[in-house]
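Summary of structural features
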Amino acid sequence: MTLKVRVRFAPAPTGLLHIGNARTALFNYLFAKKEKGTFVLRIEDTDVERSTEASIEAILHDLKWLGIAWDEGPDVGGPYGPYRQTQRLSLYRRAVEELIEKGKVYKCFCSPERLESLRKEQLSKGMMPKYDGKCRFLEKEEISDREAEGLRPVFRFKVDRGGIAFQDLIHGRMSFDSTGMSDFIIIRSDGMAAYNFACVIDDHAMDISHVIRGDDHLSNTPRQILIYRAMGWSPPTFAHHPLILGPDRTPLSKRHGATAVSQYREEGFLPESLLNYLVLLGWSPPEGDEILSLEKMIQSFSFTGLSRNAPTHSLKKLEWLNSHYLRHIDKDRLFHLLLPYLEKEGIPAQQYDPTYLKEVCHLLRDNLTTLSQVRDYLGIFFDEKFYFEEEAQKRFSEPASRETLQKVLKIIEDLPEKAAGVHTSLFHQLEEKTGQKGKPLYATLRAGITGKMKGPELAKILPLLGKERMVKRLKKALELTS
Ligand code: GLU
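Let me begin by describing the structure that accompanies this report. Everything numeric in this text was worked out from a predicted model, so none of it was measured.

**Details of the overall build of the chain**
Summing up its helical and strand segments, the chain has 21 helices and nine strands in all. Relative to a compact globule of 482 residues, whose C-alpha radius of gyration would be 23 Å, the chain shows 32 Å and is clearly more extended. Overall, the C-alpha framework of the chain stretches about 105 × 55 × 40 Å when taken along its three principal axes. Counting every position in the chain, which comprises 482 residues, the buried fraction comes to 49%. Excluding contacts between residues fewer than 6 apart, the proportion of contacts in the chain whose partners are at least 24 apart in sequence is 75%. When the accessible surface of the chain is summed, it comes to about 23,500 Å², and 51% of that surface belongs to carbon and sulfur atoms.

**Quick word on the site of the ligand**
Around the ligand, the structure places Arg8, Ala10, Pro11, Ala12, Glu44, Tyr195, Cys199, Arg213 and His217. At 2.8 Å, a backbone N or O of Ala10 approaches a nitrogen atom of the ligand. One nitrogen or oxygen atom from the side chain of Glu44 is found 2.6 Å from a nitrogen atom belonging to the ligand. Burial of the ligand by the protein amounts to 82% of the accessible area it has alone, namely 290 Å². In terms of residue class, the shell around the ligand is made up of five nonpolar, one polar and three charged.

**Details of the packing of helix H9 (residues 271-280) against helix H11 (residues 315-327)**
At a minimum axis distance of 9 Å, the contact between H9 and H11 shows a crossing angle of 140 degrees. One way to sum up the angle between H9 and H11 is to call them oblique. Read as a crossing pair, H9 and H11 show a hand that is right-handed. Between H9, through Glu272, Ser273, Leu274, Asn276, Tyr277 and Leu280, and H11, the contact on the second element is made entirely by Lys317, Leu318, Leu321, Asn322 and Tyr325. Residue classes in the contact of H9 with H11 are distributed as six nonpolar, three polar and two charged.

**Quick word on the environment of Leu430**
Secondary-structure assignment places Leu430 in helix H18 (residues 423-434). Distance from Leu430 to Tyr195, taken between C-alpha atoms, is 73 Å for residues 235 residues apart in sequence. Dropping the residues within four chain positions of it, Leu430 is found in contact with Val408, Ile411, Gly435, Leu441 and Leu445.

**Remarks on helix H6 (residues 195-205)**
Owing to its 3.6 residues per turn, the α-helix aligns residues three or four sequence positions apart on the same side. Of all eleven residues making up H6, eight are buried, and the element is well covered by its neighbours. Those residues of H6 that sit buried are Asn196, Phe197, Ala198, Cys199, Val200, Ile201, Asp202 and Asp203. Backbone geometry just after H6 places Asp207 at a positive phi near 55 degrees.

**Quick notes on the pairing of strand S6 (residues 172-177)**
Where strand S5 (residues 163-168) lies against S6, six bridges are found, and the strand directions are antiparallel. Directly across from Gln167, in S6, lies its bridge partner Arg173. Here S5 folds back onto S6, and the loop between the two strands holds three residues.

**Regarding the sheet that holds strand S4 (residues 154-157)**
Reading across the sheet, the three strands line up as S3-S4-S7 and stay open at both edges, with antiparallel pairing between neighbours. What marks the edges here is a single partner per strand, and that holds for strand S3 (105-108) and strand S7 (185-187). Sheet twist, expressed as the average angle between the axes of neighbouring strands with direction ignored, equals 45 degrees. Taken together, the two bridges between S4 and S7 define a ladder with antiparallel strand orientation. Looking across to S7, one finds that Phe155 is bridged to Ile187.

Definitions and limits used
Residues numbered from 1 in each chain as written. Predicted model: local features only at pLDDT ≥ 70, side-chain atom pairs only at ≥ 80, totals over all residues. Heavy atoms only, no water. Helix = DSSP H or I, 4+ residues; strand = E, 2+ residues; numbered from the N terminus. Rg over C-alpha atoms; globule rule 2.2 N^0.38 Å. Buried < 20%, exposed > 50% of the residue type's maximum accessible area, 1.4 Å probe, protein only. Contact = heavy atoms within 4.5 Å. Areas by Shrake-Rupley, 256 points an atom, 1.4 Å probe, with all protein chains shown as cover. Near = heavy atom within 4 Å. Polar contact = N/O pair within 3.5 Å; in protein donor to acceptor, adjacent residues only side chain to side chain. Nonpolar A, V, L, I, M, F, W, Y, C, P; charged D, E, K, R; others polar. Axes fitted to C-alpha atoms, helices over the stretch in contact; angles between N-to-C directions. Parallel < 35°, antiparallel > 145°, perpendicular 65-115°, else oblique. Left-handed = near helix turned anticlockwise from the far one by under 90°. Pairing = 2+ DSSP bridges.

Okay, structure coming up:
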């Protein structure tokens, strides 16, 4: 019988979804889809102090935005629910009782002060800090005395000496020695299950076949394997992928810049660009293609393409991918995506003809690396944002420019309304009457009409502006030259 693939993404809702976690979710999703398995979303919210509803909502929203859909989860339910750990506490309680009965777990009453001084003492002797097992051997009476005093214990898992090995799908065989390991806490004094414990109980209860997660959990895996052993369960298959690093080769964090999926969305990256970028970080598709749709990623995904070396974040690469996707985006979708950016910049979109707005957005498509960059070009198309850039003003200070501007103005004024926006007739006359060609002529024309030295093709801008606006702007430009 082949094992049915069931994987899970298990975020702790203590903040925004980090792009590194989104990448973990993506790998899980791709593997599930490739293997016709199930992708589960489980919310690990046992750190009640730091977990928030807002964060759960934001994580769900970001995953949906990326197009990473789960088959089972807190909102859609499923046969293995509930999918929030705080709703599964009775399951953990039962497991602890079983482990106590088996003599694998004990109550520990050591105070934080004792643990701290123990730690300091060990460090001063050059030893690795480790719990000394003081409460391992408490008598029943000692336990009930302490409980009668009102002391709340933590539950510790007994770590016996020995080796722990497992086969990782990315790293190969991994082996650990438990000698240096403390008896670790599985239930905290507030009664909440600690991560390593809740994770194992849930992965088992949810029939998870493969645990795909970041390298930062490699040190947790031996502890989790010990819990599997103690419960008499067989562990799932593990795959630990390297984390994304910043340019200084330390794990990507806020000090390197934006790390949250939502920050990239706000900046104006498309979900397909971000997904494509994330999948290429440390994974090479067998055919070597760089542009990959989600369907294509699913088809080609396998662990063999995943590198053991940590990838470095490259904003340049992400921008390159985003420019690519923007250049291929459908006109209506681009319009809808850009509308909030126009409004944010103070353009009252509802006061404009939607056809005009759509044409403007379409025309800007090739100039944008991110959607938010639309702000750099708004002055060209919206009078309320129009101004002459410093570079444009500098251009007008050249004496030849004034002459060119005057001639240009005259030609445009004399042209019938319709012809003024048609570059073939206009450019032809301009070249003939100014005796100029190429850059000197067109750079001045661009500066005079758009206020900028850069932007989309002039020939495409002019018909959108119309004669009246061109004349008005050229007159303003001439005022600046006098
Ligand atoms: N809640 C853990 C985290 O967010 C999950 C780790 C795991 O996948 O086991 O890192």
